Amino acid sequence: MASLPPPSSAPDTATRPVPADDFRSLMGAFPTGVAVITTYGTDDRPRGLTCSSLSSVTAAPPTLSVWLTTRGETLGALRAYGAFAVNLLHDRGERAGEVFAHQVADRFAQVGWRRSPDAGLPWLVDDAFAVAECRVTKLVEVSDHTLVVGAVTGVTQRPGTPLLYGARRFASWPGGEVPASALAVGTPVTSC
């Protein structure tokens, strides 16, 4: 097994910063699933935004992470409320993905939603094939974004074809519909 070189031999990249547009182009070429992160503000009105920076952290206990704009209204609301929902959009949820990706006066007036079964968080019931309800466990600010780590407290899912985003366009998961039973391996699930 090869050993890693000592840190002193690493190239000095500090003098060669990558232009932001080049970095955006790189990341834009990497397709990912589309999620809408939702929570409530202190006024009990729902808040949310489209997010493609979502990942699982660990299965024991179930934990996931998302990256949100630090100065955004949704992060401020999430920080105060202490909980959030991750709505995984299906391939017919493209409009919701677009609504929550742009500055719109009342995003929730343009989509169907209701309170999620366990924690009562905003669930995009018409556009999401699955929703994970999470309690905030950690926040880490990195430049203009904040890593939000959440303990998954509930999952609701139904069959659906995941919505993907990459190269500045939406697409359907090429494998077709994912049955709710395939998603539920080892996870407590409420089916719809």
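Since we're looking at a predicted model, the values are computed, not measured. (Residues numbered from 1 in each chain as written. Predicted model: local features only at pLDDT ≥ 70, side-chain atom pairs only at ≥ 80, totals over all residues. Heavy atoms only, no water.)

Draft legend 1. Spatial organisation of the overall build of the protein chain. Along the protein chain, the regular secondary structure elements total 4 helices and 13 strands. Burial statistics for the protein chain: of 192 residues in total, 38% are counted as buried. If you sum the accessible surface of the protein chain, you get close to 11,200 Å²; carbon and sulfur atoms cover 56% of it. (Helix = DSSP H or I, 4+ residues; strand = E, 2+ residues; numbered from the N terminus. Buried < 20%, exposed > 50% of the residue type's maximum accessible area, 1.4 Å probe, protein only. Areas by Shrake-Rupley, 256 points an atom, 1.4 Å probe, with all protein chains shown as cover.)

Draft legend 2. View of the side chain of Thr39. Take Thr39: it is sitting in strand E2 (residues 35-40). Residue classification places Thr39 among the buried positions, given a relative accessible area of 0%. Within the local environment of Thr39, its side chain forms a polar contact with the backbone oxygen of Ala83, the two atoms lying 2.6 Å apart. Residue contacts for Thr39: discarding those within four places in its chain leaves Arg45, Pro46, Arg47, Thr74, Ala77, Leu78, Tyr81, Ala83, Phe84 and Pro122. (Polar contact = N/O pair within 3.5 Å; in protein donor to acceptor, adjacent residues only side chain to side chain. Contact = heavy atoms within 4.5 Å.)

Draft legend 3. Just the pattern of salt bridges, in detail. Taken as a whole, this structure holds 5 salt bridges when the rule is applied. Note that Asp43 and Arg45 form a salt bridge whose closest N and O atoms lie 3.2 Å from each other. The class for Asp43 is partly exposed, based on a relative accessible area of 39%. With its nearest N and O atoms 2.9 Å apart, the salt bridge here joins Glu73 to Arg47. Note that Glu73 is positioned in helix H2 (residues 73-81) and Arg47 in strand E3 (residues 46-51), a separation of 26 residues in sequence. (Salt bridge = Lys/Arg side-chain N within 4 Å of Asp/Glu carboxyl O.)

Draft legend 4. How the structure looks around helix H3 (residues 94-101). Of the residues making up H3, those classed as buried are Ala96, Gly97, Val99 and Phe100. In an axial view of H3, the angular spread of the buried residues amounts to 165°, which keeps them on one side of the axis. In this structure, the buried residues of H3 make contact with E2, E3, strand E6 (83-89) and strand E12 (169-172). (Arc of directions from axis to C-beta.)

Draft legend 5. Molecular detail of the sheet that holds strand E11 (residues 163-166). With respect to topology, 3 strands assemble into an open sheet ordered E1-E11-E12, the strand pairing being antiparallel. Strands with a single pairing partner mark the edges of an open sheet, and in this sheet they are strand E1 (32-33) and E12. With 4 bridges joining them, E11 and E12 adopt antiparallel strand pairing. Bridge assignment links Tyr165 to a residue of E12, and that residue is Phe170. (Pairing = 2+ DSSP bridges.)

Draft legend 6. How the structure looks around unusual backbone geometry. Geometrically, the link from Ala60 to Pro61 is a cis peptide bond, its omega value of 0° lying close to zero. In this fold, Pro61 is placed in the loop between strand E4 (54-59) and strand E5 (62-69). Although it is not a glycine, Ser143 adopts a positive phi angle of roughly 60°. By secondary structure assignment, the location of Ser143 is in the loop between strand E9 (128-142) and strand E10 (145-157).

Draft legend 7. Molecular detail of the environment of Ala167. In this fold, Ala167 is placed in the loop between E11 and E12. According to the relative accessible area criterion, Ala167 is partly exposed, its value standing at 44%.

Draft legend 8. Structural detail: the packing of aromatic side chains. Counted according to the given criterion, the structure contains 4 aromatic pairs. An aromatic cluster is present here, built from Phe100, Phe108 and Trp113 joined pairwise through their rings. (Phe/Tyr/Trp six-rings, centres within 6.5 Å; stacked < 30°, edge-to-face > 60°.)

Draft legend 9. Broad picture of the pairing of E6. With 6 of 7 residues buried, E6 lies mostly within the body of the structure. Note that E2 and E6 share 4 bridges and pair antiparallel. In the sheet register, Val36 faces E6, and the bridge partner there is Asn87. In terms of strand pairing, E6 meets E9 through 7 bridges, oriented antiparallel. Its bridge partner lying in E9, Leu89 is registered against Ala128.

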